[in-house]
Amino acid sequence: MRETVLMKGEMATRVIVTTASGTEVLDEEDEVLESYKDDQHEAVLARFLAQGWEVEEDGP
């Protein structure tokens, strides 16, 4: 499993979670915003970074 926490401003949070089941993007209330059946972690992370989000935490 890999989990990356992204921040934008003081309140906006996104969490990218990748497991054997695929990749999900969660908002600050743990609601699923995006879901992929395969590992899209790097592609989703790159997209968010390009939009100005910053990595708060990244790890297994």
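One structure accompanies this document, and this report is about it. These numbers were taken from a predicted model, which means no experiment stands behind them. (Residues numbered from 1 in each chain as written. Predicted model: local features only at pLDDT ≥ 70, side-chain atom pairs only at ≥ 80, totals over all residues. Heavy atoms only, no water.)

**Observations concerning unusual backbone geometry**
(1) Moving on: Backbone geometry at D30 places phi at a positive 65°, although glycine is not the residue there.
(2) Moving on: Of note, D30 is situated in the loop between β3 (22–26) and β4 (32–36). (Helix = DSSP H or I, 4+ residues; strand = E, 2+ residues; numbered from the N terminus.)

**Structural notes on the sheet that holds strand β5 (residues 54–59)**
(1) Moving on: With respect to topology, 5 strands assemble into an open sheet ordered β4-β3-β2-β1-β5, the strand pairing being antiparallel. Two strands in the sheet have a free side with no partner beyond their single neighbour: β4 and β5. In this sheet, adjacent strand axes meet at a mean angle of 15° when their direction is disregarded.
(2) Moving on: Judged from the 5 bridges that link them, strand β2 (residues 12–19) and β3 form a sheet pairing that is antiparallel. Within β3, the residue paired with T19 across the bridge is G22. (Pairing = 2+ DSSP bridges. Axes fitted to C-alpha atoms, helices over the stretch in contact; angles between N-to-C directions.)

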